[in-house]
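Each chain is listed here by its residues.
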Amino acid sequence: MTWTRSWALATAAAACLALTGCSEGYSGKGDTLHLAYGMSQQASLDAMNQIGQAKHLSHETRFVLLNACVLEIQTLDGSKHNNTQRTPLREAESTVEKSTGSESYRVHIAPKNVDGPGHTLLEGASWTEATQMRWLLDYVQTVC
């Protein structure tokens, strides 16, 4: 890992830790996330699942890390239709985009250097949830 990437991850971790102190998007009942460099893959996935199952999101999403660092994305929409997609994390890049005409955000993951639609992980997320999910995706990639 290059020094620049290490610095970027450390900066992102500090920003995410600062963001966890905000109550935006959280009930204040002790369900805020505490993200930290050095957390296990399982703790990272647990945090991703906590974010993905927030009631205000347009879809409930669950994440499973398969062999060879492939992320399985299980999306359950309002009609209880289950959609499962997989993406290799080693060759993927995540982005956070602001939803048009709203104060919510979308987190998307797509393969690097390959044309394709990629996968939406969160839709209708708060800024805090979106940036935490992106940090978690980047972090899980580093421990693959």
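Our structure is the block above this text.
**A look at the pattern of salt bridges**
Turning to step 1, where the next piece is worked out: Scanning all chains against the criterion turns up five salt bridges.
Turning to step 2, where the next piece is worked out: For Glu97, the salt bridge identified is with Arg106, shortest N-O distance 2.5 Å.
Turning to step 3, where the next piece is worked out: On the basis of relative accessibility, which here comes to 33%, the residue Glu97 falls in the partly exposed class.
Turning to step 4, where the next piece is worked out: One salt bridge connects Glu123 with Arg106, and the closest N-O pair in it is separated by 3.7 Å. Placement of Glu123 in strand 6 (residues 119–125) and of Arg106 in strand 5 (residues 105–111) is noted, with a sequence separation of 17 residues between them.
Turning to step 5, where the next piece is worked out: Salt bridges sharing common partners tie together Glu97, Arg106 and Glu123.

**Re the side chain of Thr87**
Turning to step 1, where the next piece is worked out: Here Thr87 lies in strand 3 (residues 82–88).
Turning to step 2, where the next piece is worked out: Beyond its immediate sequence surroundings of up to four residues, Thr87 is in contact with Cys69, Val70, Leu71, Ile73, Ala92, Ile109 and His119.

**What about the sheet that holds strand 4 (residues 92–98)?**
What holds strands together in a sheet is hydrogen bonding between their backbones, with the strands either parallel or antiparallel.
Turning to step 1, where the next piece is worked out: Within the open sheet, the three strands sit side by side as 4-5-6. Their pairing is antiparallel. The open sheet has two edge strands with one neighbour each: strand 4 and strand 6. Neighbour to neighbour, the strand axes of the sheet diverge by 15° on average, direction disregarded.
Turning to step 2, where the next piece is worked out: Both strand 5 and strand 6 contribute to a ladder of five bridges, which runs antiparallel. Each bridged residue has a counterpart across the sheet, and for His108 the counterpart in strand 6 is Thr120.
Turning to step 3, where the next piece is worked out: Sheet strands touched by helix 3 (residues 127–142): strand 4, strand 5 and strand 6. Its angle to strand 4, the strand with the most contacts, is close to 175°.

Basis of the calculations
Residues numbered from 1 in each chain as written. Predicted model: local features only at pLDDT ≥ 70, side-chain atom pairs only at ≥ 80, totals over all residues. Heavy atoms only, no water. Salt bridge = Lys/Arg side-chain N within 4 Å of Asp/Glu carboxyl O. Buried < 20%, exposed > 50% of the residue type's maximum accessible area, 1.4 Å probe, protein only. Helix = DSSP H or I, 4+ residues; strand = E, 2+ residues; numbered from the N terminus. Contact = heavy atoms within 4.5 Å. Pairing = 2+ DSSP bridges. Axes fitted to C-alpha atoms, helices over the stretch in contact; angles between N-to-C directions.

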